[in-house]
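In case you want the letters, here they are:
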Amino acid sequence: QAKPQVVLLATGGTIAGAGATAANSATYQAAKVPVDKLIAGVPELAQVAQVRGEQVFQIASESFTNEHLLTLGKRVAALVKQPDVDGIVITHGTDTLEETAYFLNLTVHTDKPVVVVGSMRPSTALSADGVLNLLNAVTVAAARDSRAKGVLVVMNDEIHTGRDVSKSINIRTEAFKSPWGALGMVVEGKGYWFRAPAKRHTMNSEFDIEKISALPQVDIAYGYGNLNDIAYRAFAAKGAKALIHAGTGNGSVAAPVVPALRELRSQGVQIIRSARVVGGGFVLRNAEQPDDQYDWVVAHDLNPQKARILAMVALAHGADSKALQRMFLEY
Ligand SMILES: NC(=O)C[C@H](N)C(=O)O
C-alpha cells in the first residue's frame, strides 16, 4: 500500500540551526540547514510517509512578520486542496511557533492534519531533539486519526492543539505546555489521543485565509508596577487598531492607565484585556474593570501573543467590539 503523502514546509528556526561544536546546545545560528538536508537527516521518515519538502522561508521565528503569516497560510491552504497531499508538517522556530500555529488553526479550512514542529537544540548538538520531533510530526501528519483536530503542535513526544500551546521555558526540551493539557502522545511511531479541542477551528472557523489580503496592526503593552500610559498612546499614534493589554493578574489595569485606554477606545482603538500570568490566564468580563461600560473586550484564556493573532484575524474580517468578544469566547 502506498504511503501517505506529507509536504514539509520549512521556515527555519533552531530545528534548522547549526552550532560550532556538538557541545553548543544554546549558542548557535538558527535557520541554516536547508529542507532537503532536514529530510535526509531522518531516513526513518520514509517508513512513515512519502515526504517532499519546500523551503518557504529560512528565518528565526522571532523575525516572523504578518506577511510571513499570510504567505505561509496561503501556501498551506493551496496544498491541502491537492488530492496528492494527505498532511502538512511545518518546521518553525519555537519562539513564535504558538502564534503561527494559532493563526493557521483559525484561518485554514481543512480537516487534513497540519502539524507545526520545532526543536530546542540545533541539529548539530549532542542529543538534538529536532530529529525525533520531526519524525513524530510526520507520524501525526500522516495518520488518519489526526484529521479534523485543527492545527497541531508536536514537541517532546506530546501532541498539543495549536490553540492552547505556548513556549514556557527557553532552555529545556520539555518547553511546550498547554494550560489545559496536551491532546495526546507519540510513542515509537504511533499517536495516542486522549482529548480533542473544544474551540472552533479550521473547518468550523468563520475566518478564511483566502479572504485575508492584509492584517491590521495590533500591539501588546505589558502591565507591571508603576505603570504609565506611554506605550499605549505610542502604539495608537503609530496606527494600532487594537491594543492587547498584557495585564497583571486577572488582566487588571493600573488606575493611571484607565483614562488613556478609555480615550483610545473612544477614538476607535479596540482595548483587549489579557493576562501576563505564566501558567495560563483566565480573564472574565466585568471582573476587575467594567468592560460593558467602557466597551472593552477580554481575551479570556488566550495569552497576549495569541490574543494579538485572534484580534488581527477578527478585525481583518470586520469585527466590531461585540463580535470580537464573541470570537474571544468561541475560538
Ligand atoms: N528554539 C528556537 O527555535 C528559537 C529560535 N530563536 C527561533 O525561534 O527561531
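Per chain, residues are indexed from 1 in the order of the written sequence. pLDDT decides what is reported in this predicted model: residues at 70 or higher carry local features, side-chain atom pairs at 80 or more are listed and counted, and totals for whole chains, interfaces and linings draw on all residues regardless. Side-chain measures here rest on the full set of heavy atoms in the structure, leaving out hydrogens and waters.

Per an unreviewed UniProt entry, the chain carries the name Glutamin-(Asparagin-)ase and comes from Sphaerotilus hippei. UniProt positions are given in the numbering used here, feature names are shortened, and annotations may be inferred rather than shown by experiment. UniProt lists a comment for the chain under the heading Sequence similarities (unreviewed entry), and it reads "Belongs to the asparaginase 1 family."

**Quick look at the site of the ligand**
Inspection of the region around the ligand gives Gly13, Thr14, Tyr28, Ala60, Ser61, Glu62, Gly93, Thr94, Asp95 and Ser119 as its neighbouring residues. In protein, a polar contact requires one atom able to donate a hydrogen and another able to accept it; more generally it is a pair of N or O atoms within 3.5 Å, and residues adjacent in sequence count only if both atoms are side-chain atoms. A distance of 2.9 Å separates a nitrogen atom of the ligand from a polar atom in the side chain of Asp95. The contact in question runs from a nitrogen atom of the ligand to an N or O atom on the backbone of Ser119, over 3.0 Å. If the ligand stood free it would expose 270 Å²; the protein chains cover 92% of that surface. Taken together, the residues of the shell around the ligand sort by class into two nonpolar, six polar and two charged. Put simply, a residue is near a molecule or strand once any heavy atom of it comes within 4 Å of that molecule or strand. The accessible surface values rely on the Shrake-Rupley method and a 1.4 Å probe; as for residues, cover is taken only from the protein chains in view. Ten residue types, Ala, Val, Leu, Ile, Met, Phe, Trp, Tyr, Cys and Pro, are classed as nonpolar, four, Asp, Glu, Lys and Arg, as charged, and the remainder, Gly among them, as polar.

**Things to note about the layout of surface pockets**
Cavity and pocket criteria rest on a 1 Å grid covering protein atoms alone: a 1.4 Å probe that fits but cannot get out defines a cavity, protein on both sides within 12 Å along at least 5 of 7 lines defines an open pocket, and an atom within 4 Å of a point defines a lining residue. Grid points are joined across faces, edges and corners, and a volume is the space filled by probe spheres set on the points. Considering only enclosed or pocket space, the largest pocket measures out at about 460 Å³ in volume. For the largest pocket, the lining is made up of 26 residues, of which Ser166, Val277, Val278, Asn303 and Gln305 are closest to its centre. Elements that contribute at least two residues to the lining of the largest pocket include exactly β7 (166-167), β11 (218-222) and α9 (304-316). Think of it this way: any DSSP run of H or I at least four residues long counts as a helix, any run of E at least two long counts as a strand, and we number them from the N terminus. Among the elements that line the lining of the largest pocket, the one with the most residues is α9, at three residues. In the lining of the largest pocket, the residues fall into 10 nonpolar, eight polar and eight charged.

**Concerning a nonpolar patch on the surface**
Judged by side-chain polarity, Trp180, Phe282 and Leu284 come together as a nonpolar surface patch covering roughly 330 Å² of accessible area. Looking at the secondary structure, you find Leu284 in the loop between β13 (270-275) and α8 (291-294). Patch criteria: residues need more than 30% relative accessible area and no salt bridge. Like-charged residues are merged within 9 Å; nonpolar side chains of Val, Leu, Ile, Met, Phe, Trp and Tyr are merged within 5 Å. Basic side-chain nitrogens of Lys or Arg form a salt bridge, by our definition, when they fall within 4 Å of a carboxyl oxygen of Asp or Glu.

**Focus on the sheet that holds β13**
As summarised here, the arrangement of the four strands in space is β11-β12-β13-β14, forming an open sheet in which the pairing is parallel. Each edge of the open sheet carries a strand with a single partner, namely β11 and β14 (297-298). By this definition, two strands are paired if DSSP reports at least two bridges between them. In terms of strand pairing, β11 meets strand β12 (residues 242-247) through five bridges, oriented parallel. When the sheet's bridge partners are listed, Asp219 is paired in β12 with Leu243. Contacts are assigned to residue pairs that have any heavy atoms within 4.5 Å of one another. Each axis is a line fitted through C-alpha atoms, taken for helices only over the stretch in contact, and angles between the N-to-C directions span 0 to 180 degrees. Here helix α6 (residues 230-237) sits on the sheet in contact with β11 and β12, set at roughly 170 degrees to β11.

**Notes on the packing of α9 against helix α10 (residues 321-330)**
One can describe the packing of α9 onto α10 by two numbers: an axis separation of 10 Å at closest approach and a directional angle of 135 degrees. Accordingly, the angle class assigned to the pair α9 and α10 is oblique. For α9 against α10, the interelement crossing comes out right-handed. Only Leu324, Met327 and Phe328 of α10 make contact with α9, whose side of the interface consists of Ala307, Leu310, Ala311, Ala314 and Leu315. Angular relationships are summarised with four words: roughly parallel below 35 degrees, roughly antiparallel beyond 145, roughly perpendicular across 65 to 115, and oblique for the angles in between. If you view the pair so one helix is near and one far, a crossing is left-handed when the near helix is turned anticlockwise from the far one by less than a right angle, and right-handed when it is turned clockwise.

**Let's talk about the environment of Ala319**
Note that Ala319 resides in the loop between α9 and α10. Each residue's exposure class comes from its accessible area (1.4 Å probe, protein chains only) as a fraction of the maximum for that residue type: buried when under 20%, exposed when over 50%, partly exposed otherwise. Residue class for Ala319 comes out buried when judged on its relative accessible area of 12%. Here Ala319 is in contact with Ala314, Leu324 and Met327, once residues within four sequence places are set aside.

**Re the UniProt feature "binding site: substrate" (unreviewed entry) in the chain**
In the numbering adopted here, UniProt assigns the feature "binding site: substrate" (unreviewed entry) to Ser61, Thr94 and Asp95. Taken together, the annotated residues stretch across 35 residues yet fold into one region, lying no more than 6.7 Å apart by C-alpha. Considering only the annotated residues already named, the ones lining the second largest pocket are Ser61, Thr94 and Asp95. With respect to the helices and strands, Ser61 occurs in the loop between β2 (50-59) and α3 (66-80). With residues up to four places along the chain from it excluded, the contact list for Ser61 reads His92, Gly93, Thr94, Asp95, Thr96 and Leu97. With respect to the secondary-structure elements, Thr94 resides in the loop between β3 (87-91) and α4 (97-107). Those residues in contact with Thr94, other than ones at most four positions away along the chain, are Ser61, Gly118, Ser119, Met120, Met155, Lys167 and Phe176.

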